[in-house]
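# Report on the structure
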Amino acid sequence: MTVGIRTGAKTCGALLVMGSLTCALLQIAAQPTTAMAGPVEELQAIQEKIQQGNEDYEKATALIDDVQADIDANEERIADLEEKLPDARKQAATSMRTNYKLQQSSGGILSLILSSEDFYELLTMIQYLDVIQEYNNEAVDELLLMADELEAARVTLNSQMQEAEAAQTEAQEALDAANKAREELYEEIRAQAEAEAAQRRAAIEAAKRRQEQLEQESEDGSFTTESGNEAEIQVPVTGDPGAVDMGSDKEAFISEWTKRIDDYLAGSPLAGQGKTFAEAAWEYGVDPRFSPAISTVESSTGRYCFLPHNAWGWGASSWSSWEEAIWDHVEGLAIGYGGQLTYAGAHKYCPPNADFWYASVLANMQSM
């Protein structure tokens with residue numbers, strides 16, 4: 001079984017991804033009759049596009065928020081300057097008129113200075129005139145500085161608006177690319193599903209027959225899972241789990257599937273982890289029902305884990321929290337299984353009892 005490896009809450013290093021991919025390829029080579037119809041290399045390449053598209057979109061969205069905050073701050077400053085500008089203009093005009101009058105009456109001022117009775121009175125008069133001149137000049141300078149600041153703020157605002165618009169365009173392109181990549185992935189999965197339709201029907205029929213046989217013999221219908229537990233054989237209503245709209249809005253997707261998965265997990269050790277499953281599913285382009293359904297088949301939804309927080313019979317992995325475990329498992333399903341339940345994937349996940357495992361996981365997916 002492919003075991004996903006992660007170093008953080010949401011993403012893994014390229015080297016670790018390639019390590020998981022290599023492990024998946026080796027397992028496929030060892031099981032040529034049960035390998036997925038679509039090449040794992042292509043699924044991985046598309047999955048990387050999805051992840052990159054989501055990351056680009058999130059970065060662009062964060063940039064838009066930052067730029068908008070700067071724009072709001074600049075707009076407040078501009079409003080403040082525009083409010084002060086009329087008074088500054090009025091004060092500057094008064095100061096300029098005063099300077100003009102001083103200059104026009106320079107003869108009278110000179111006579112006033114020369115008529116001073118002593119040197120101390122002369123200095124006092126000159127200092128007084130300097131203060132008036134300086135005050136008037138400061139008023140004019142303040143007007144010029146405020147006007148310059150207003151113009152600079154407007155230039156900055158225009159530049160930031162251009163950056164925001166460019167970031168918004170880039171974000172939309174990234175989102176479109178992610179949706180396109182996701183559709184390419186699903187097209188490949190759908191093609192594979194058509195190719196294995198007969199096998200899927202046979203698996204469901206085998207589960208039905210086994211269940212009926214055990215009921216007639218008054219025995220519980222169960223099978224051994226990949227984790228070594230005994231799971232009840234469940235028969236799905238139909239052979240199709242139903243479509244999931246992965247092209248919808250991220251927030252709407254997470255909100256919808258958080259509730260649906262939380263309802264499904266209620267009363268189990270995994271209760272309340274619906275949002276974690278939904279966020280990881282969106283991030284990696286995985287059917288949001290896939291991992292929760294496997295947890296029920298492999299460990300009765302986390303009640304009987306063969307290793308700490310390992311509710312999925314996932315290799316020899318253990319984790320310190322459900323959140324970390326869920327992100328790793330969903331990532332592993334994306335890398336090694338195309339993010340969707342397939343009959344070939346069932347043979348890969350639980351080779352000894354692939355038919356019963358496939359039918360039981362599908363039945364649980366249909367219940368969400």
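Residues numbered from 1 in each chain as written. Predicted model: local features only at pLDDT ≥ 70, side-chain atom pairs only at ≥ 80, totals over all residues. Heavy atoms only, no water.

### What about the packing of helix α6 (residues 250-265) against helix α7 (residues 274-284)?
Heads up, the rule is: In this analysis, axes come from line fits to C-alpha atoms, helices being fitted only over the stretch in contact, and the angle between any two N-to-C directions falls in the range 0 to 180 degrees. Helix numbers and strand numbers start at the N terminus; a helix is a DSSP run of H or I with at least 4 residues, a strand a run of E with at least 2. An angle below 35 degrees is treated as roughly parallel, one above 145 as roughly antiparallel, one from 65 to 115 as roughly perpendicular, and anything else as oblique. A crossing counts as left-handed when the near helix is turned anticlockwise from the far one by less than a right angle, and as right-handed when that turn is clockwise. By definition in these notes, contact holds between two residues if any of their heavy atoms fall within 4.5 Å. As a working rule, the residues Ala, Val, Leu, Ile, Met, Phe, Trp, Tyr, Cys and Pro are called nonpolar, Asp, Glu, Lys and Arg charged, and the rest polar, with Gly in that last group.
Running from amino to carboxyl end, α6 crosses α7 at an angle of 135°, the nearest separation of the two axes being 7 Å. By the angle class used here, α6 and α7 are oblique. When you trace α6 past α7, the crossing you get is right-handed. Touching Lys250, Phe253, Ile254, Trp257, Thr258, Ile261, Asp262 and Leu265 of α6 are Gly274, Lys275, Phe277, Ala278, Glu279, Ala281 and Trp282, all from α7. Of the residues that constitute the contact of α6 with α7, the class distribution is nine nonpolar, two polar and four charged.

### Side note on the nonpolar core
Rules: Residues belong to a common nonpolar core when they are buried Ala, Val, Leu, Ile, Met, Phe, Trp, Tyr or Cys residues joined through side-chain atoms within 4.5 Å. Residue exposure (1.4 Å probe, protein chains only): buried if accessible area is under 20% of the type maximum, exposed if over 50%, otherwise partly exposed.
If you look at the biggest cluster of nonpolar residues, it comprises 52 residues, and the most contacted ones within it are Phe290, Trp312, Trp357 and Val361. Every element with two or more residues in this core is listed here: α5 (197-216), α6, α7, α8 (290-299), α9 (322-337), α10 (343-349) and α11 (354-366). Excluding its chain neighbours within four sequence positions, the residues that come into contact with Trp312 are Phe277, Ser291, Ile294, Ser295, Glu298, Trp319, Trp322, Ala325, Ile326, His329 and Tyr349.

### Describing the side chain of Ser268
Tracing the backbone through its elements, the reader meets Ser268 in the loop between α6 and α7. Given the relative accessible area of 11%, Ser268 is considered buried. Once residues lying within four places of it in the same chain are set aside, the contact partners of Ser268 are Thr301 and Arg303.

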